[in-house]
Amino acid sequence: MAVSAGREFLAIPGPTNMPDEVLQAMHRPALDIYSKAMVDLSESLLHDLSRLFATRGKSYIYIANGHGAWEAVISNVLSRGDKVLVLESGRFARGWGNAAQAMGCEVEVLPGDWRRAVKPAEVEERLRRDRNHDIKAILVVQVDTASSAYNDIEAIGRAIKAANHPALFMVDAVASLGCMPFEMDEWGIDVAMSGSQKGLMSPPGLGFVAVGDRAREAHQTAGLRTPYWDWTNRDGPEHYQKYAGTAPVHLLFALRKALDMLFEESLENTFIRHRLLAEAVRRAVGVWSEGQVFSFNIEDATERADTVTTVRAAEGHDLFALHRYCKEKCGLVLGVGIGELQDRAFRIAHMGHINAPMILGTLGVIEMALTALSIPHGKGGVTAAVGYLAESVPA
Ligand SMILES: *Cc1c(COP(=O)(O)O)cnc(C)c1O
């Protein structure tokens, strides 16, 4: 017996659910890449990406995933032997640091914990000890998609200022841009990066980088520059240079539609929608946790992301069975635990193109699976989520 007919629903943190309008936007012939329509499309997207990052600085679009955008940032502002400080809060800042190391940078990790966000005071303390200013860049993620930690980027920016340290502040917003507030200029961020396939509801394949004045200055002398990533090359007179070759025309059609939808809803409302639906998920997880098997991976409620929730399971519970039941019986794909949390957690993504039926449906299927598999859990998680939403979204 199964109840999984129809479209499989992805509750994984990327690629995420794409709106039909975005899918349909790609169903057309490519543009003449030398036409005015092509130039206008690029200009509109680059302008709107800077608006999303909230910067007066320029943005760049790469035919790449998030890993590519990481490399773009490093390549454009750093040199072999430069020291970078990685602020750990799970897996992803370390991943960015690994790329920097492989490219010839010296990497120091400010040790964190998979169960909490980066502590700004620890950042300040480490930077104050760096009297010679050996640290050239600080790498951090806004949301760590593995742990589901939410880092207070504004507070970390203040800590860097308080330490009076000149390192470039580089922020990964892959799992948060377009879902949670991001203020590149106001928060003192020098370079920010993101990707198309998470909060931005678009197909995988585009990486974005936004560049502030201090990063632009560092770019002038950066030794790791290579032709494909290079900002100066992309700023050249020909449109063709913007992509260092052929434009990813169809991915750009999709992104244009996704951004139009985002701005039509208004960023403000998008952020509220994410917060409400995330809290609905947390209400359900809170109730399920009463069964003593599950718990929030992030212990402090104020450090939980509004885009993904990582749920830990006590030893001896078969999460593989949970995933399999959700997928095969119900057509719901849950995120798996990764890194330290492999086989020890599941993840519920709630980013991008999501609404109440999708989230309540997701929670309902999980509760159904826990019941069918006789995995102990507090009863009434979905009821708690519904109650919260009904209260928060008045008639
Ligand atoms: C997904 C993700 C990445 C990597 O993006 P890919 O497109 O998979 O290369 C980087 N950082 C964060 C925070 C992510 O969630």
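Residues numbered from 1 in each chain as written. Predicted model: local features only at pLDDT ≥ 70, side-chain atom pairs only at ≥ 80, totals over all residues. Heavy atoms only, no water.

### Quick notes on the sheet that holds strand S1 (residues 9-11)
Link 1 in the chain: Spatially, S1-S11-S12-S10-S9 is the arrangement adopted by the 5 strands of the open sheet, whose pairing is mixed. The strands lining the two open edges of the sheet, one partner per strand, are S1 and strand S9 (294-296). The average angle at which neighbouring strand axes cross in this sheet is 35°, direction not considered.
Link 2 in the chain: Where strand S10 (residues 308-313) lies against strand S12 (residues 345-349), 5 bridges are found, and the strand directions are antiparallel. In the sheet register, Thr309 faces S12, and the bridge partner there is Ile348.
Link 3 in the chain: Across the face of the sheet, helix H11 (residues 319-330) comes into contact with S9, S10, strand S11 (332-336) and S12 while running at roughly 155° to S11.
Link 4 in the chain: Together, S1, S9, S11 and S12 form the strand contacts of helix H12 (residues 356-372), whose direction differs from that of S12 by roughly 155°. (Pairing = 2+ DSSP bridges. Helix = DSSP H or I, 4+ residues; strand = E, 2+ residues; numbered from the N terminus. Axes fitted to C-alpha atoms, helices over the stretch in contact; angles between N-to-C directions. Contact = heavy atoms within 4.5 Å.)

### Structural notes on the environment of Trp288
Link 1 in the chain: Here Trp288 lies in helix H10 (residues 267-288).
Link 2 in the chain: Between the C-alpha atoms of Trp288 and Leu370, which are 82 residues apart in sequence, the distance is 9.2 Å.

### As for the packing of helix H2 (residues 36-53) against helix H9 (residues 249-265)
Link 1 in the chain: Where H2 contacts H9, the two axes come as close as 10 Å, and the packing angle between them is 45°. Here H9 runs oblique to H2, going by the angle between their axes. For the pair H2 and H9, the sense of crossing is left-handed. In this structure, H2 contributes Met38, Leu41, Ser44, Leu45, Asp48, Arg51 and Leu52 to the contact, and H9 contributes Val249, Leu252, Phe253, Leu255, Arg256, Leu259, Leu262 and Phe263.
Link 2 in the chain: Partitioning the contact of H2 with H9 into residue classes produces 11 nonpolar, 1 polar and 3 charged. (Parallel < 35°, antiparallel > 145°, perpendicular 65-115°, else oblique. Left-handed = near helix turned anticlockwise from the far one by under 90°. Nonpolar A, V, L, I, M, F, W, Y, C, P; charged D, E, K, R; others polar.)

### As for the site of the ligand
Link 1 in the chain: The local shell around the ligand consists of Asn65, Gly66, His67, Trp70, Phe92, Val143, Thr145, Asp172, Val174, Ala175, Gln197 and Lys198.
Link 2 in the chain: A distance of 2.8 Å separates an oxygen atom of the ligand from a polar backbone atom of Gly66.
Link 3 in the chain: Contact with the protein chains removes 90% of the 380 Å² of surface that the ligand exposes when unbound.
Link 4 in the chain: Per-class residue counts for the shell around the ligand are 5 nonpolar, 5 polar and 2 charged. (Near = heavy atom within 4 Å. Polar contact = N/O pair within 3.5 Å; in protein donor to acceptor, adjacent residues only side chain to side chain. Areas by Shrake-Rupley, 256 points an atom, 1.4 Å probe, with all protein chains shown as cover.)

### Re the pattern of salt bridges
Link 1 in the chain: With the rule as written, the count across this model stands at 22 salt bridges.
Link 2 in the chain: The residue Glu122 makes a salt bridge to Arg116 at a minimum N-O spacing of 3.6 Å.
Link 3 in the chain: Its relative accessible area of 30% is what places Glu122 among the partly exposed residues.
Link 4 in the chain: Ionic pairing is found between Arg158 and Glu154, a salt bridge with its closest N-O pair at 3.8 Å. (Salt bridge = Lys/Arg side-chain N within 4 Å of Asp/Glu carboxyl O. Buried < 20%, exposed > 50% of the residue type's maximum accessible area, 1.4 Å probe, protein only.)

### Some details on H2
Link 1 in the chain: With 18 residues, H2 ought to run about 26 Å at 1.5 Å a step, and its terminal C-alpha atoms sit 26 Å apart, in line with that.
Link 2 in the chain: Listed as buried for H2 are Met38, Leu41, Ser42, Leu45, Leu46, Asp48, Leu49, Ser50, Leu52 and Phe53.
Link 3 in the chain: If you follow the buried residues of H2, they end up packed against strand S2 (58-63), strand S7 (191-195), strand S8 (206-211), H9 and H10. (Expected span 1.5 Å × (residues − 1).)

### Some thoughts on the packing of aromatic side chains
To describe a pair of aromatic rings, you give the distance between the ring centres and the angle between the ring planes.
Link 1 in the chain: For the structure on display, the rule yields 9 aromatic pairs.
Link 2 in the chain: Both rings, one in Phe53 and one in Phe182, keep their centres 6.0 Å apart while their planes meet at 70°; by these two values the pair is edge-to-face. Remark: Phe182 occurs in the loop between strand S6 (168-172) and S7 and Phe53 occurs in helix H2; sequence separation between them is 129 residues.
Link 3 in the chain: Judged by its relative accessible area of 0%, Phe53 falls in the buried class.
Link 4 in the chain: Residue classification places Phe182 among the buried positions, given a relative accessible area of 3%. (Phe/Tyr/Trp six-rings, centres within 6.5 Å; stacked < 30°, edge-to-face > 60°.)

### Some remarks on the environment of Ile366
Link 1 in the chain: Here Ile366 shows up in helix H12.
Link 2 in the chain: According to the relative accessible area criterion, Ile366 is buried, its value standing at 0%.
Link 3 in the chain: Distance from Ile366 to Ala162, taken between C-alpha atoms, is 45 Å for residues 204 residues apart in sequence.
Link 4 in the chain: Once you skip the residues sitting within four places of it in the chain, Ile366 turns out to touch Trp288, Cys326, Leu332, Leu334, Phe346 and Ile348.

### A closer look at H9
Link 1 in the chain: Taking 1.5 Å per residue as the helical rise, H9 with its 17 residues ought to reach 24 Å, and the 25 Å between its terminal C-alpha atoms agrees with that figure.
Link 2 in the chain: Looking only at H9, the buried set comprises Val249, Leu252, Phe253, Ala254, Leu255, Arg256, Ala258, Leu259, Leu262 and Phe263.
Link 3 in the chain: Here the buried face of H9 lies against helix H1 (20-25), H2, S2, S8 and H10.
Link 4 in the chain: Positive phi shows up at Ser266, right after H9, with a value of about 85°.

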